[in-house]
Amino acid sequence: MTVKYSIKTILFIVLLGASGLAARAQTGAIDCALDLSDRLLEVRIGVPAGGLDKTSFSLTDWAGQPNYADNVYRVAARDRDGRVLKVEKTGPRTWVVENAKKAFELGYTVVSQKEIFMGGRTRNHFHPTLFKDYAFLWGSTFLMFPDAEELLARPVNLKIDAHEYGAYYTNFANRADRFDDLSELFVAAGNYRVVPKTIGGRNVRFLLEGGAWKFTDEEFTGAVSRIIEAQIGYLGFTPSKDDLLITLTEGTPNSKGGTVVKNVISVYPDPQAGLDDFETLKLISHEHFHFWNGNYWHEAEGKKEGYYKWMSEGFTEYYAGLTLYRENLIPEKRFVAWLNELLFQYQTNPYAETATAAVLGEKYWESNDYNRLPYVKGALIGFLTDLRIRKESGGKKQIDDLMKLLIEKTDRSKGYDDRLLLAGFDAVSGADSRRFFDDYALGAKFLPVVEVLGAASIAVAKRPRDVFALGFTTEDGQMARGARIREVTTPAAVKAGLRPGDELRGFSFEGGRPNSEASFTVRRGDETLTVKYYPKHPIEVLQIDENARIPI
């Protein structure tokens, strides 16, 4: 049978086919290939044909690190026919590919420039780790993300070649729904000790690195299992059924921490600390709780990053310590000591009574003091909130009830805001929380420690604590070789023999550690002297009685 079509019909079919091809071109997947080797990561991003004359790509400043571009070399682009396209670096971490309407591939090399995982600079551990024996990578630290929304929204085919590392582990199984999802990408490869477990109905793989630990792999994975199962019990559900990766990597005594991305917990504690050391298990407890507070349940858009850190980091920090106490992983005295350390850090933070939530939104990454404050203050707000809820409800409710209600009432597609948080505080405590919320959570008034702890029959009073005090000032305000001492400011420095006019020729001290001896070499006239003392100064701060019972 012969079918005849009119000219209009044929034209319609041609146009429909053309529009379909255009649509497919616009929605085609991006190919992303990662080749791992000792010290080097080769990245290739294949972009389908599109409608952009120029395509810009940028590295992020994730975790307050603006210098990931320092690791990037040999940025180049070619179209599918092999023709070289012009690539121009237009900013500290932005590159633009010109004549990019045709399909093209952007390639570049990432160099791992540190000698140990934690690196030698502040937050250097976030930078790519590619050593001979193992690799450890977060996507936000090496991927160039397209700046155009239409490219960010495209799906991604992900290919990872671990080469000499052999096995690799990732939280993305060869594909991402959107390119910007790869901001949550994690890749590890090499000689990890792999321990599989099922915890709370979830498949978990532990990736353990390093051999200097003061605990066995079995002891570590067992303690972590207890923490995960306990937190699932507190909130009544598992935030995800996806497979979970938990990594253990060596930190240092002075540089340690943890990070969570999609279905991955990474901790890097001091390897010399055992499981009886509070900080080691608190890292896991903190980072696992982020799967609820920060991932499953999150803030609404519209506020700058530090604004809600009192909730996302502070309440998480409180739950980290609370979990260990509830599950008898630490004794009550250790829990009290931790609460006292939070009180001490809060009272000695220079911004405690000036940094509102709005200020922290602007200055969160500006200094360590701003960065640390919402963890400490937020944890104390969590503790005080827990006590207030118990008091107002006659012991029938606690902070778990608040968290469950907030999660239940939040539209996950939008996130929480001030209004929803306040409504939750009111509903669970059964009291008007407006003043508490405005003055302390969003404001910068000194926390009502004495009032709330007193109502809970917890003894608290001012007690002496040593703070770090360098002991002198310099004429130009700089702490450097050649600087002259203007004024000696502490009895310890006076007793040790420092004098105004001394010229600094060398020094060694640990900032923030008053009980670690400091040493200064000074030039005085024709003499060179070495002066040693403990850089501490006593102050009085509110502290909980060390034998107090905590009714939670």
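Look above for the structure.
Asker: Explain the environment of Tyr 192 to me, please; I cannot follow it from the model alone.
Answerer: Its location among the elements puts Tyr 192 in the loop between strand E15 (186–190) and strand E16 (193–199). Residues Tyr 192 and Leu 208, spaced 16 residues apart in sequence, show a C-alpha to C-alpha distance of 5.3 Å. Here Tyr 192 is in contact with Tyr 134, Ala 135, Phe 136, Tyr 169, Leu 207, Leu 208 and Glu 209, once residues within four sequence places are set aside.

Asker: Where do I start with the side chain of Glu 209 in this structure?
Answerer: Here Glu 209 is to be found in the loop between strand E17 (202–208) and helix H3 (217–235). Ignoring sequence-local partners within four residues, the contact set of Glu 209 consists of Tyr 134, Tyr 192, Arg 193, Leu 248, Thr 249 and Glu 250.

Asker: Hey, could you run me through unusual backbone geometry in this one?
Answerer: Note: most residues except glycine have negative phi, and most peptide bonds are trans. Phi at Asn 263 takes a positive value of approximately 60 degrees, unusual for a residue other than glycine. Assessed through its relative accessible area of 8%, Asn 263 is described here as buried. Positive phi values are uncommon outside glycine, yet Asn 328 reaches one of about 60 degrees. For Asn 328, the location among the structural elements is in the loop between helix H5 (309–326) and helix H6 (332–348).

Asker: Even after reading the chapter, I still don't get the nonpolar core, so can you show me in this structure?
Answerer: In globular proteins that are soluble, nonpolar side chains generally tend to be buried together. Core analysis: the biggest nonpolar cluster contains 89 residues, and Phe 220, Trp 310 and Phe 383 have the highest contact counts within it. Looking at which element gives the most residues to this core, the answer is helix H8 (residues 368–392), with 10 residues. Setting aside its immediate chain neighbours within four residues, Phe 220 contacts Phe 206, Leu 208, Phe 215, Leu 248, Val 267, Leu 275 and Ile 284. Ranked by size, the runner-up nonpolar core spans 42 residues in total, among them Leu 85, Phe 142, Leu 151 and Ala 189.

Asker: Mind showing me how you'd approach helix H11 (residues 434–441) here?
Answerer: Think of an α-helix as turning once every 3.6 residues; residues three or four places apart then point the same way. The complete set of buried residues in H11 reads Phe 436, Phe 437, Asp 439, Tyr 440 and Ala 441. On its buried face, H11 sits against H5, helix H7 (357–363), H8 and helix H10 (418–429).

Asker: Where do I start with the packing of aromatic side chains in this structure?
Answerer: By convention here, two paired aromatic rings are described through the distance between centres and the angle between planes. If you walk through the whole model with that rule in mind, you get 40 aromatic pairs. When the ring of Trp 62 is compared with that of Phe 126, the centres are 5.1 Å apart and the planes differ by 70 degrees; the resulting orientation is edge-to-face. Within this pair, whereas Trp 62 is found in the loop between strand E3 (54–58) and strand E4 (72–79), its partner Phe 126 is found in the loop between strand E8 (104–111) and strand E9 (129–130), the two being separated by 64 residues in sequence. Judged by its relative accessible area of 24%, Trp 62 is partly exposed. Centroid distance Phe 145 to Phe 179: 5.5 Å. Interplanar angle 90 degrees. Geometry classified as edge-to-face. In this pair, Phe 145 is assigned in strand E11 (residues 145–146) and Phe 179 in the loop between strand E14 (175–176) and E15, connecting sequence segments 34 residues apart.

Asker: Looking at this structure, I do not really get the pattern of salt bridges. What am I missing?
Answerer: Any two side chains of opposite charge can pair if their charged atoms end up close together. Applying the stated criterion across every chain yields a total of 28 salt bridges. Salt-bridge contacts for Lys 282 lead to Glu 279; the nearest nitrogen and oxygen are separated by 3.5 Å. Here Glu 279 and Lys 282 lie together in helix H4 (residues 278–289), a separation of 3 residues that amounts to about one turn. Its relative accessible area of 7% is what places Lys 282 among the buried residues. Between Lys 536 and Asp 466 there is a salt bridge, with its nearest N and O atoms 3.9 Å apart. Of this pair, Lys 536 sits in strand E27 (residues 536–544) while Asp 466 is found in strand E21 (residues 460–468), placing the two residues 70 residues apart along the sequence. On the basis of relative accessibility, which here comes to 30%, the residue Asp 466 falls in the partly exposed class. One connected set of salt bridges, linked through shared partners, spans Asp 79, Asp 81 and Arg 83.

Rules used in this analysis
- Residues numbered from 1 in each chain as written.
- Predicted model: local features only at pLDDT ≥ 70, side-chain atom pairs only at ≥ 80, totals over all residues.
- Heavy atoms only, no water.
- Helix = DSSP H or I, 4+ residues; strand = E, 2+ residues; numbered from the N terminus.
- Contact = heavy atoms within 4.5 Å.
- Buried < 20%, exposed > 50% of the residue type's maximum accessible area, 1.4 Å probe, protein only.
- Core = buried A, V, L, I, M, F, W, Y, C linked by side-chain atoms within 4.5 Å.
- Phe/Tyr/Trp six-rings, centres within 6.5 Å; stacked < 30°, edge-to-face > 60°.
- Salt bridge = Lys/Arg side-chain N within 4 Å of Asp/Glu carboxyl O.

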